[in-house]
Amino acid sequence: MCTFLSWNCRDIRSKLQDLKGVINVFNPVCIGLQETFLSSNNPLKLRGYNSVRKDAATGITVCCIYLPPHDVVSQQDLETLVDQLPTPFILLGGFNGHSTLWGSGVTNSRGPQIERLISNNCLCLLNNDEKTYFHELTRTFHSLDLAICSPTLLPLLHFTVGSDLCNSDHFPIIVSYADSGGAIQYPPRYIFQQADWGNFMQLADITESMVSTADITEAVQNVVNCLMNAANTTIPKCSPRLRNFRRPWWNEACRDSRREEKKRWNIFRRYPTTENHVAFKRAKALARLAF
């Protein structure tokens, strides 16, 4: 079982600890973030994950998308996006479209566009009636974050919505994927600080015979095999198990304030009155202060 997670985090720099908490709960193999507010020279570094801003060449294509609510997006642009995705694929993100198809009480112009995208390409919508967005001013819940997939993946995927906003106004959406290969193993990483570089240099000896071939692909593979064998012999690897993020600053005050915030949120979510709203905002502010 592996899990894909999508979250409109509304500035990841101020929500990094919240993201680590979500990772500790769901252990996702892939995370799609929208509205990170990161500049091109400010990459996201997260232990155990590679930060990429393009599709990865894997068995399943995972595409993260964000469509700003007030931008005009043509139907052709959406169709072109889907045409470019290698199948099978999962399309996650903030679409900002309202439609009764995914539980909205009203429909906006973006909603029918997404409906046509799903229909024209025979795609499958994973969303259920769970709401993914909380509008604080009106105290209403909406479904703006969607998960769409190729039809071959539908029987293998399970969709849920996180119960905690994690200090954003969007809930994380979680797509779990159960394949026939059993438990997912996270790839072990090299511990370069403990490498035997002297022995590595001796073993990573690229000889002329390795590249003296008419087939360039074979020559490249010979070099790769030599380097990989040297690395596997001289550089230890960490455990493939994804470790939880340490929080040495976490204390009883953090625990109690976070617990109170969740309690007030659950009350307000069920009974969105002004009194409960004020209590939740106060608990949220105290929790942020404790952190």
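Positions within a chain are numbered from 1, following the residues in the order the chain's sequence is written. Reporting of local features is limited, given that this is a predicted model, to residues whose pLDDT is at least 70; pairs of side-chain atoms are given and counted only at 80 or more, and all residues count toward the totals for whole chains, interfaces and linings. Remark: hydrogens and water are excluded; side-chain values derive from all non-hydrogen atoms of the structure.

## What to know about the sheet that holds strand 3 (residues 61-66)
Strands pair, by our definition, only if DSSP identifies at least two bridges between them. Strands here are runs of E lasting at least two residues and helices are runs of H or I lasting at least four, both read from the DSSP assignment and numbered beginning at the N terminus. Strands sit in the order 3-4-8-5 across an open sheet of 4 strands; the sheet is mixed. Each edge of the open sheet carries a strand with a single partner, namely strand 3 and strand 5 (124-125). In this sheet, strand 8 (residues 145-149) lies alongside strand 5 in antiparallel orientation, the contact comprising 2 bridges. Among the inter-strand pairings, cysteine 124 is bridged to a residue of strand 8, identified as cysteine 149.

## Remarks on unusual backbone geometry
Backbone torsion omega between threonine 87 and proline 88 reads -5°, so that peptide bond is classified as cis. For aspartate 11, which is not glycine, the phi torsion reads 85° and is therefore positive. For aspartate 11, the position within the fold is in the loop between strand 1 (2-8) and helix 1 (16-26). Even without a glycine there, the phi angle at asparagine 27 is positive, about 45°. Counting through the fold element by element, asparagine 27 comes out in the loop between helix 1 and strand 2 (30-34).

## Section: the packing of aromatic side chains
Stacked, edge-to-face and tilted labels apply to pairs of Phe, Tyr and Trp rings (six-membered ring for Trp) whose centres lie within 6.5 Å, assigned for plane angles under 30 degrees, over 60, and everything in between, in that order. Under the definition given, this model contains 13 aromatic pairs. Ring geometry for tryptophan 197 against phenylalanine 200: centres 5.6 Å apart, planes inclined by 85°, an arrangement best described as edge-to-face. Here tryptophan 197 pairs with phenylalanine 200, and both are found in helix 4 (residues 197-203), just 3 residues apart, close to one helical turn. Measuring from ring centre to ring centre gives 6.0 Å for phenylalanine 268 and phenylalanine 280, while their planes differ by 5°; the resulting arrangement is stacked. Residue phenylalanine 268 is located in helix 7 (residues 252-270), and its partner phenylalanine 280 is located in helix 8 (residues 274-290); the two are separated by 12 residues in the primary sequence. A network of ring pairs unites the aromatic residues Phe134, Phe141, Phe171, Trp265, Phe268 and Phe280 as a single cluster.

## Side note on the domain arrangement of the protein
Domain assignment breaks the protein into domain 1 (3-184), domain 2 (192-234) and domain 3 (250-290). Annotation comment: domain bounds sourced from an automatic or database domain assignment. The C-alpha centroid of domain 3 is placed 26 Å from the C-alpha centroid of domain 1. Here, residues are in contact when the closest pair of their heavy atoms is within 4.5 Å. Each partner contributes residues to the interface: domain 1 has 13 residues there, and domain 3 has 13 residues. Buried area: the sum, over both parts, of the accessible surface (1.4 Å probe) that disappears when the two are put together. For the pair domain 1 and domain 3, the two sides together bury roughly 1200 Å², of which 44% comes from carbon and sulfur. Broken down residue by residue, the surface that domain 1 buries against domain 3 is led by Glu136, Arg139 and Asn167, which jointly contribute 47%. We define a salt bridge as a side-chain nitrogen of Lys or Arg found within 4 Å of a carboxyl oxygen belonging to Asp or Glu. There are 3 salt bridges connecting domain 1 and domain 3.

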